[in-house]
Structure formats: structure tokens, C-alpha cells
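# Architecture at a glance
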Amino acid sequence: MNWNINDFYIIIVGVLCAMACALPGAFLLLRRMSMMGDALSHAVLPGLAVAFLISGSRASSTMFIGAAVAGVFTALFTQWVVRFGKVERSAAMGVVFTTLFAIGLLIIEKGANQVDLDARCVLYGALEYTPLELVQLFETSNYLVQIPKAAVVVGATFLLNGLLVALFFKEFTLSSFDPNLAQTQGFHPQVIHYLLMVMVATTTVAAFEAVGSIIVIAMLIVPPSTAFLLAHRLGPFLFLSLLFAALAAILGHLASQSITLFFGLPETSSSGMMATMAGLLFLFVWLFGPSGLTRDQKAKLLRSEDPPALS
Amino acid sequence: MIDGLTDTLLLKPYNTRIVVLGVMMLGAASGLIGSFLLLRKQSLLGDALSHATLPGLGLAFAAMSSLGLDGQYLPGLLLGAATTGVLGVLFVLAIGRTTKLKDDAAMGIVLSVFFGIGIVILRMIQNIPGQTSAGLESFIYGKTASMITSDFVLIAITLSLCLLVTFLARKELVLLCFDPSLAATQGWPVLFLDLLLMALVATVTVVGLQAVGLILIIAFLIIPATAARFWTNNLRHLLWLATFIGAVSGWLGASLSAVFANFPAGAVIVIAAASFFLMSMLFGKARGVIPRFLRQRDLRRKVGRQHLLRSTYEILEKSQKERPLKNLSISLHLLQKHRFWGKGELAKLIRQARIEDHLERQPSGELRLSESGFGEASRITRNHRLWEMYLIKHADIAPSHVDRDADLVEHLLGAEIVHQLEAELALTQATIESPHDIQAEATPS
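Residues numbered from 1 in each chain as written. Chains lettered and ligands numbered in written order. Predicted model: local features only at pLDDT ≥ 70, side-chain atom pairs only at ≥ 80, totals over all residues.

The next subject is the overall build of chain A. A tally of regular secondary structure across chain A gives eleven helices and two strands. When the helices and strands of chain A are listed from N to C terminus, the series reads α-α-α-α-α-β-β-α-α-α-α-α-α. Long-range contacts, defined as pairs at least 24 residues apart, comprise 70% of the intrachain contacts of chain A with a sequence gap of at least 6. (Helix = DSSP H or I, 4+ residues; strand = E, 2+ residues; numbered from the N terminus. Contact = placed C-beta atoms within 7 Å.)

Here it is as C-alpha cells:
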């Protein structure tokens with residue numbers, strides 16, 4: 001296995017990315033909106049396309065704005081369909097994000113080759129190419145310290161997410177657990193809702209170029225879910241989400257470099273492996289954790305459904 | 001271009017015919033199955049399932065290639081896709097049932113992890129020298145425009161299968177959708193029915209996936225059913241309608257995409273379906289935005305009218321000691337005080353009542369009930385009092401409190417219920433005295 005500085009770069013970007021996603025993802029989980037991550041990652045496409053058409057550039061900041069706007073619209077349209085159409089939430093999400101994605105595809109195709117957005121790149125990402133685009137961090141007398149541009153972008157996103165969560169911790173917490181109480185207390189749950197959507201949308205875009213949309217969705221949902229099985233309080237829950245996310249990223253890259261050797265192949269997709277590792281961690285905790293399946297709970301599998309919650 | 005359009009719509013060219021009819025049938029099948037998903041609140045299962053098919057595709061391809069067969073042999077690929085797809089769905093169900101995690105998280109986990117595994121496998125395949133796996137990507141983007149006869153036949157078989165199973169198991173599936181607990185206690189194998197439904201979803205998804213791509217099949221499973229829901233509250237009608245809307249969206253979308261050939265077909269079809277959705281959401285008779293608004297407005301008016309007539313009658317009662325009641329005119333001012341209407345509100349209600357010939361304006365400026373109005377007013381008041389008596393006798397509500405409650409319910413009392421009340425209370429005389437003092441009441445909003 002060839003191990004060099006590039007691998008470190010990849011792991012750094014992967015870890016930052018994973019943690020950046022796990023944070024909003026944790027709150028999405030608490031609000032039972034995990035699939036919103038999937039929806040948003042598809043629905044940002046028209047935002048990106050329009051941003052590109054208007055600005056003519058693929059600069060990160062433009063893309064972020066496009067993504068943020070698309071995120072807000074997605075959340076808005078979904079709310080409208082749920083409220084005015086009295087449609088069930090997941091169906092409403094499905095209608096909105098598929099339509100927006102289709103519109104995005106149309107804009108991209110119509111702009112013919114004006115829009116240099118490779119859908120494939122958006123989907124899979126190109127984590128392996130991260131080291132190719134380096135950005136100068138600082139210079140000392142002997143060394144030129146460079147880090148991948150992707151790391152800067154994703155790192156900034158992670159810090160921003162962390163900052164927002166820290167600043168609005170009370171609001172996020174209360175509105176996730178008890179939206180009605182939050183409303184009566186004067187916090188604005190709607191604002192928090194849209195803020196969360198924007199966070200997810202921008203994180204999605206930040207991560208797209210580095211790792212592709214798949215790992216974004218994986219990291220939004222799987223590490224927090226794993227943490228959910230273990231933690232009973234919010235603090236540990238958030239901490240474990242970040243931990244599992246980072247772990248999945250590290251193990252993922254290690255695995256992508258080593259496992260394929262069994263098959264006589266040089267390597268495979270790092271981001272795919274990261275998602276896989278996240279899944280394996282979840283599987284492990286699901287089966288062997290404190291309330292795991294291997295403990296007395298085989299009967300759980302055949303238990304009938306819980307009574308539907310009053311909504 | 002116009003010639004091209006008519007030719008397309010009439011399905012003249014063979015290829016167009018195949019594509020349009022194929023997409024139509026796919027839309028129909030998805031609409032049908034999607035209805036069940038909608039009712040079970042599992043609309044995004046198609047999303048999860050279609051992402052979960054990727055590893056199966058890769059594994060099937062790898063397996064077939066290593067055995068020396070053609071790696072792109074479609075039935076083999078479909079089998080692989082369906083296997084991991086169904087496996088994924090089973091995981092979703094298992095996670096939902098054995099942990100505190102809810103459906104949405106379970107779907108998300110399966111969706112992303114399986115897809116990640118799929119990408120790992122695909123990349124490994126791509127790195128094997130001598131293998132062409134380019135066609136596998138058509139599963140994500142679809143190859144709608146290049147649909148061939150075998151795809152068409154496959155879709156036709158799928159549609160027939162869906163129709164057949166739905167027809168045979170319609171009662172069981174309906175029960176499963178509405179009351180799984182009841183179904184279980186009645187002895188129906190709920191798990192089996194669940195799996196049956198999942199199998200249908202998997203079939204439609206996998207067949208659709210390779211024909212029209214990921215986004216379109218997800219959209220097809222969700223949009224037509226959701227659109228149909230606005231038009232009816234009856235399950236059987238919903239199924240038919242969803243099938244129909246799916247078919248029509250498919251027809252329109254595919255035809256349009258044939259004409260505007262430089263646009264991605266899947267996207268055009270989704271937009272076509274979405275337009276039907278939008279129209280349904282606005283105009284759908286049962287639950288559409290506009291019909292609901294109109295219904296509520298009509299109800300508000302009816303309620304207002306009845307309150308007006310009853311108030312008039314009560315004022316007459318108060319001002320006369322002798323019975324039977326004489327239909328005299330009353331002043332506007334008295335009416336206004338009776339119920340704290342706003343001036344404009346009252347004026348509107350009076351105008352309405354005059355249009356309906358229930359109320360007349362005298363030369364003196366006072367108001368008087370017409371003959372029909374008087375009859376209507378006395379009937380309404382009687383119903384109100386019946387309900388008040390019922391509340392007093394059977395719900396133990398104090399006489400001074402029943403007025404407000406009766407106010408809310410009385411507008412919904414049909415003739416049948418009135419008869420039941422009369423029998424219950426043994427009150428069949430033409431007029432009933434009020435059980436409480438009549439004073440000025442605030443209008444319940």
C-alpha cells in the first residue's frame with residue numbers, strides 16, 4: 001500500500017466533511033427529517049445551475065448562494081404543499097425535490113454546454129483528486145505549507161456549522177424536541193427550520209466537489225443514527241455523531257486503499273468506502289450495542305408496528 | 001415542428017410509439033403502486049429502493065463477467081438489482097422495528113450506505129482491465145429515448161403483474177393500508193402483505209430504473225398518486241385515478257420530450273407530472289386548495305345566515321307575550337345588539353338574506369321576515385333548542401352554557417338527526433321554548 005502525503009490530505013478533507021455533515025444531520029434526525037438531506041442534495045441542482053448562469057463562474061461563494069437559495073425554496077415549497085395541500089410530509093418532499101431536480105437538469109441542458117456542471121461529478125465526487133488543487137496556507141522560512149483547497153472550503157463549512165449550532169444551541173435544541181414550547185417561548189421555530197435547511201444545503205454543496213453527494217447523505221444520517229442508538233442526552237449524542245463521522249472517514253480511506261489489494265486492484269472509491277464504513281459502524285452498534293439485536297431482542301423483529309404517533 | 005408534433009402525438013414513428021407507450025405503462029404501474037405507498041406514508045421507499053439496487057447491479061455484472069457470460073445481460077442485472085433492493089427494504093423495516101429510529105432515518109441509512117457500497121463495487125469493476133461497465137450508468141440516468149422493444153415488453157409484463165396482484169389482493173391491501181393492527185387481529189398475515197407490496201414496489205422500481213432512470217422512477221412512484229389524492233377520498237377511485245394520471249403524465253411527457261429532443265427525457269416527463277400535480281393541488285375537487293376554500297366560504301355564509309334568522313326570531317319572541325308569534329318588523333339596531341355583529345358583517349348577511357327572499361326591508365327602514373323566512377327561522381330556532389335540550393338532559397351541561405355549544409353544532413343537524421332528537425327528548429311540538437334567558441350573545445368566531 002503506497003502511503004503518502006496525499007492520503008493525509010484525503011483523510012483530512014474526508015474527516016472535515018464528515019463532521020460538517022454530521023452536525024446538522026444530528027438535528028435533522030431529531031426532527032425526523034433525515035430524508036430532507038437526500039431531498040436537499042438533489043434539489044440544490046437548479047440553484048447551482050442558475051447561480052452559474054447568472055454569475056458565469058463556478059466560484060464557491062456563488063455556488064453557496066445558489067445552494068442556499070435552492071435550500072430555502074425547497075423547504076418553502078415543501079411547507080406549502082404540506083400546509084395548503086394537506087399532503088403527508090414525505091410525499092410532499094418527494095414531489096418537490098424530484099421536480100426541482102428535473103428543472104435543474106433542464107436548465108443545465110438548455111444552457112447546453114454553458115453550464116460546466118458535470119452531473120456525474122456532483123454525484124460521486126472526486127475525493128481522490130483533492131490533493132491536486134492545493135492552496136497556500138502560510139510560508140515559514142523552510143517550508144511551504146499547503147493544504148488542499150477542498151480542505152479549506154469544507155473546514156470553513158464545518159467551523160461555520162459548529163458556530164451556528166453553538167450560537168443557537170438553545171433554539172436548536174428546544175425547537176427540535178418541542179416545537180410548540182419553543183414557539184410559546186418566543187424562539188422562532190420556523191426560522192430555525194429554515195436555518196437548518198440552509199445549513200444542510202450549503203454543506204451539501206461544499207462537500208459535493210470534494211466527496212460527492214452520496215457521502216454527504218451518508219454522513220448526514222448514518223453517524224447520528226449510530227450515536228442515537230448509544231446516547232441518551234443531547235451532548236453525548238452530538239459528540240458521538242462527530243466521532244463516528246470522523247471514524248468512518250478515516251477507516252473509509254484506509255479501507256479503500258487496502259481492501260482492494262485483496263482483489264488485486266489498486267484502489268477504489270474513497271468516498272464510497274467512507275459511506276460503507278459508516279454503515280458498518282452502524283451495523284456493529286445495531287447488533288452488538290447496549291440495546292443491540294444480539295441482546296434478548298430477537299423478538300423485536302417480529303413485533304407489530306408501534307401505534308401511529310399523533311401528528 | 002408542428003408536423004413533428006402531430007406525428008408524435010399520433011405515435012406515428014415506431015420508436016416514438018415504443019417510448020411513449022412504454023413510459024405510459026410505467027407511469028400507470030407506478031401510479032397504482034405509489035397509491036399504496038402514499039397511504040402507508042412510505043412514499044420515499046422508492047427512493048431508498050432505487051439507490052439500494054446499485055450494489056446488486058455491480059455484483060451481478062461482476063458475477064456474470066467472471067463466469068464468462070455477457071456482463072450486461074439484462075435479466076441477470078435486474079435480478080441482482082432486485083435482490084439488493086429488496087434486501088435494503090427489509091433492512092429499512094428491520095431498523096424501524098428494532099430500534100428507536102424512525103422510518104425516515106432507516107430509509108436514509110439504507111439509501112446512502114447501499115449506494116456507497118454500490119459505488120465501491122462499480123469503481124472496482126471499472127478498474128478491472130478489459131471490462132466495459134459503461135452501460136451500468138444508464139441505471140442512474142435512464143435511456144428513455146432509446147427504449148427498445150424488450151424494455152417495452154418488460155414494462156408491459158410489470159404493469160399486468162401489478163394490476164393482477166392489486167385486483168386479487170385488493171381487500172387485503174386496503175386493510176393493510178388503513179388499519180394494520182386490525183388486519184393483524186383479524187388473522188391476516190400482515191408481514192406477508194407488507195412483503196408482497198414491497199415486492200411489487202421493487203419490481204416496478206427495478207424495471208423502471210433501467211428504462212427511465214433513477215429520478216424519474218422515484219418521481220413516478222410519488223407524484224401521480226399524490227396528485228390523484230386531491231380528487232377523491234375513495235380508495236378505489238384513488239387507485240384508478242392515480243393509474244390514469246401516471247399514464248397521462250407519461251404520455252404527455254414522453255411526447256413532449258420526443259419533440260424537444262435536446263432535453264433530457266426524464267426531466268421533461270417529471271415536469272409534465274408535476275404540472276398535473278400543481279393543477280390537482282389547486283383544483284382537485286375533494287382536497288384541492290380552491291374547492292376547499294369555496295366550501296369553507298359557503299359554510300361560513302350558511303352559518304351566518306342561520307344565525308341571522310334565529311336572532312330575528314328570538315327578538316320577535318322577546319318582544320311579544322302572546323303566542324302564536326306574529327311576524328312583525330324589527331329595527332336594525334335591535335338586531336345589531338343581539339349578537340354583536342360588526343356593521344359591515346351584518347349588512348352583508350342582511351343583503352344575502354334579502355337575495356334569498358327570507359328578509360324584507362320595510363319603508364320605515366325596519367326589517368321583516370318574509371313568509372318563507374319566518375318558517376325557516378322558526379325551524380332553525382327549533383333545531384337549536386332541541387340540541388340545547390339534548391345537551392342539558394344527556395350531557396349534563398348547565399342551561400346557561402348550552403347556547404354556545406348548540407351554536408356550533410346546530411348548522412350540521414340534518415333532518416334525520418332532528419327526528420332522532422325529537423324521539424329522544426319526546427318533544428314534537430311545533431315550537432319549543434328556550435331553556436334559558438335570551439340575552440345578547442357574542443358571535444362565536
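With that settled, the discussion passes to the overall build of chain B. A count of helices and strands for chain B gives 19 helices and two strands. Taking 445 residues into account, the globule formula puts the C-alpha radius of gyration at 22 Å, and chain B, at 32 Å, lies well above it. Each of the 445 residues in chain B was classed as buried or not, and the buried ones make up 47%. For chain B, the proportion of contacts with a sequence separation of at least 24, taken over those separated by at least 6, is 71%. (Rg over C-alpha atoms; globule rule 2.2 N^0.38 Å. Buried ≥ 20, exposed ≤ 12 C-beta atoms within 10 Å, placed from the backbone.)

Let us look at the nonpolar core. Nonpolar side chains in soluble globular proteins generally cluster together in the buried interior. Cys17, Ala18, Val154 and Met219 of chain A are the most contacted members of the largest nonpolar core, which totals 205 residues. At 24 residues, the largest contribution of residues to this core is made by helix 9 (residues 189-230) of chain A. Of all hydrophobic cores here, the second largest spans 16 residues; its members include Leu309, Tyr313, Trp341 and Leu359 of chain B. (Core = buried A, V, L, I, M, F, W, Y, C linked by C-beta atoms within 7 Å.)

To continue, consider the interface of chain B and chain A. Interfaces are often sized by the accessible area lost when the parts come together. Tallying the contact residues gives 49 residues for chain B and 56 residues for chain A. Counting only elements with at least two residues in the side of chain B that touches chain A, the list comes to helix 4 (74-98), helix 5 (103-127), helix 9 (180-185), helix 11 (214-229) and helix 13 (265-283) of chain B. Tallying contributions element by element places helix 5 of chain B first for the side of chain B that touches chain A, with 16 residues. Its residues assigned to classes, the side of chain B that touches chain A comprises 31 nonpolar, ten polar and eight charged. (Nonpolar A, V, L, I, M, F, W, Y, C, P; charged D, E, K, R; others polar.)

This paragraph deals with the domain arrangement of chain B. Looking at the assigned domains, one finds that chain B contains domain 1 (2-223) and domain 2 (292-425). Look at where the C-alpha atoms of domain 1 of chain B and domain 2 of chain B centre, and you get two points 59 Å apart. (Domains from an automatic or database assignment.)

The next point concerns the confidence of the model for chain B. Residues and elements named next belong to chain B. Taken as a whole, chain B shows an average pLDDT of 83; of its residues, 92% reach a score of 70 or greater. By mean pLDDT, helix 1 (residues 2-9) is the weakest element of chain B at 60, and helix 13 is the strongest at 94. This prediction of the complex comes with two scores: 0.83 for pTM and 0.86 for ipTM. (pLDDT = per-residue confidence, 0-100.)

One non-glycine residue, Arg32 of chain A, adopts positive backbone phi at about 60 degrees. If you trace the backbone, Arg32 of chain A turns up in the loop between helix 1 (5-30) and helix 2 (34-55).

This part is about the environment of Arg31 of chain A. With respect to the helices and strands, the residue Arg31 of chain A is situated in the loop between helix 1 and helix 2. Note: C-alpha distance between Arg31 of chain A and Leu229 of chain A (198 residues apart in sequence) is 16 Å.

Further remarks concern the packing of helix 2 (residues 14-39) of chain B against helix 7 (residues 149-168) of chain B. Residue and element names in this part refer to chain B. Viewed as axis vectors pointing N to C, helix 2 and helix 7 meet at an angle of 25 degrees, and their least axial separation amounts to 9 Å. Taken as axis vectors, helix 2 and helix 7 run roughly parallel relative to one another. Helix-helix and strand crossings are classified by hand; for helix 2 and helix 7 the assignment is left-handed. Contact residues: helix 2 offers Ile18, Leu21, Gly22, Met25, Leu26, Ala28, Ala29, Leu32 and Ile33, while helix 7 offers Thr149, Asp151, Phe152, Ile155, Ala156, Thr158, Leu159, Cys162 and Thr166. (Axes fitted to C-alpha atoms, helices over the stretch in contact; angles between N-to-C directions. Parallel < 35°, antiparallel > 145°, perpendicular 65-115°, else oblique. Left-handed = near helix turned anticlockwise from the far one by under 90°.)

Attention now goes to helix 11 (residues 270-288) of chain A. For helix 11 of chain A, spanning 19 residues, the distance from its first C-alpha to its last is 26 Å, which sits close to the expected 27 Å at 1.5 Å a residue. Among the 19 residues that make up helix 11 of chain A, 14 are buried, leaving the element largely enclosed by the rest of the structure. (Expected span 1.5 Å × (residues − 1).)

A few words now on the environment of Phe168 of chain A. Residue and element names in this part refer to chain A. Relative to the assigned elements, Phe168 resides in the loop between helix 6 (149-167) and helix 7 (169-177). Judged by local crowding, Phe168 falls into the partly exposed class, with 16 C-beta atoms found within 10 Å. In sequence terms Phe168 and Ile192 are 24 residues apart; their C-alpha atoms lie 8.6 Å from each other.

Let us look at the packing of helix 1 of chain A against helix 2 of chain A. Residue and element names in this part refer to chain A. Viewed as axis vectors pointing N to C, helix 1 and helix 2 meet at an angle of 125 degrees, and their least axial separation amounts to 7 Å. The angle between helix 1 and helix 2 falls in the class oblique. Side by side, helix 1 and helix 2 meet where Gly25, Leu28 and Leu29 of the first sit next to Ser34, Met36 and Gly37 of the second. Along the lines of polarity and charge, the residues of the contact of helix 1 with helix 2 split into three nonpolar, three polar and no charged.

So, on to the confidence of the model for chain A. Residue and element names in this part refer to chain A. With 79% of its residues at a pLDDT of 70 or more, chain A shows a mean pLDDT of 80. Taking the mean pLDDT of every element in chain A, the minimum, 46, falls on helix 5 (residues 119-124) and the maximum, 91, on helix 11. Every residue in residues 120-132 scores below 50 in pLDDT, and together they form 36 contacts with partners more than four places removed in sequence or on other chains. Every residue in residues 135-141 is under pLDDT 50, and counting partners more than four places away or in other chains gives twelve contacts.

Right, let's talk about the environment of Phe27 of chain A for a bit. Residues and elements named next belong to chain A. With respect to the helices and strands, Phe27 occurs in helix 1. Between the C-alpha atoms of Phe27 and Ile107, which are 80 residues apart in sequence, the distance is 32 Å. Those residues in contact with Phe27 that lie beyond four places of it in its chain are Phe172, Ser176 and Leu196.

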